[in-house]
Amino acid sequence: MFIEPRVGNRQQAHKRGWIEVICGSMFSGKTEELIRRLNRAKIARQRVEIFKPAIDTRYHEEDVVSHNATSIRSTPIQFANDMLLLGSGCDVVGVDEAQFFDEAITEVCVQLANSGVRVIVAGLDMDYLGKPFGAMPALMGVAEYVTKVHAICVQCGEIASYSFRNAASQEKVLLGETDSYEARCRHCFQEGMKGKL
Ligand SMILES: [Zn+2]
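Note that the structure is a prediction, hence the values are computed from the model and not measured. (Residues numbered from 1 in each chain as written. Predicted model: local features only at pLDDT ≥ 70, side-chain atom pairs only at ≥ 80, totals over all residues.)

Thoughts on the UniProt feature "active site" (unreviewed entry) in the protein
Link 1 in the chain: UniProt tags E97 as "active site" (unreviewed entry).
Link 2 in the chain: Relative to the assigned elements, E97 resides in the loop between β6 (92-95) and α3 (105-114).
Link 3 in the chain: Exposure remark for E97: the 23 C-beta atoms within 10 Å place this residue in the buried category. (UniProt positions renumbered as here; feature names shortened; annotations may be inferred. Helix = DSSP H or I, 4+ residues; strand = E, 2+ residues; numbered from the N terminus. Buried ≥ 20, exposed ≤ 12 C-beta atoms within 10 Å, placed from the backbone.)

Below, the structure is given as structure tokens:
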């Protein structure tokens, strides 16, 4: 389990920032892990702000909600750049569903971290085709800490790192995931993709 290098005392004059990335497939517990870290920061009396792309309206407009319904209040924003202004006074900035943000998110996270903010980014590392998703690879590159969390393959019970799409839609961004996606291991993902060609 990830243990913070430092949590409290971030109001000091010379506070230092860094970037953490939590990545994985759907149903891997990314959001739960993000919420866990942010709640710990809150307990340490840190000023915490959470952002998510305005596109992600699956459950509730303003809450970051995980599949098991733990939630934390968040601010939906349209562009990654909005975080610079809204997150500048914070000790900790959390970002959920980071793969849906524009490419600017990497530079935004770097700038926030450089200015002393602890930035925690959660997102899907691969899309439904098994390809790296959006800015996630770049974010992993600039992060100090990268945590890959895993789901369980619903086909065979092995460790899963792929999000397999059952629906026929060709849109890359398909929300309402519980019906449309399942976590699969590499083998079962490949088997499933064969059936689609
Ligand atoms: Zn499997």
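Right, picking up where we left off after that structure.
So, the pairing of strand β7 (residues 118-124)
Link 1 in the chain: Among the 7 residues of β7, 7 are classified as buried, and the element is accordingly described as predominantly covered.
Link 2 in the chain: Note: strand β1 (residues 18-24) against β7, 7 bridges, orientation parallel. Each residue of the ladder has a partner; that of I22, found in β7, is A122.
Link 3 in the chain: Two elements, β6 and β7, share 4 bridges in a ladder whose sense is parallel. Bridge pairing in β7 links V92 to R118. (Pairing = 2+ DSSP bridges.)

Quick look at the sheet that holds strand β5 (residues 75-77)
One key point about sheets: their strands pair by backbone hydrogen bonds, in either a parallel or an antiparallel sense.
Link 1 in the chain: If you walk across this open sheet you meet the 6 strands as β5-β2-β6-β7-β1-β8, and the pairing is parallel. Looking along the sheet, the strands with just one partner apiece sit at the ends: β5 and β8 (145-149). For this sheet, the mean inter-axis angle between neighbouring strands, taken without regard to orientation, is 20°.
Link 2 in the chain: Relative to β6, strand β2 (residues 48-53) is paired through 4 bridges, and the arrangement is parallel. The residue of β6 that forms the bridge with E49 is V93.
Link 3 in the chain: Here helix α1 (residues 30-43) sits on the sheet and contacts β1, β2, β6, β7 and β8; the angle it forms with β7, its principal contact strand, is near 165°.
Link 4 in the chain: Each of β1, β6 and β7 is contacted by α3, which is oriented at about 155° to β7, the strand it contacts most. (Axes fitted to C-alpha atoms, helices over the stretch in contact; angles between N-to-C directions. Contact = placed C-beta atoms within 7 Å.)

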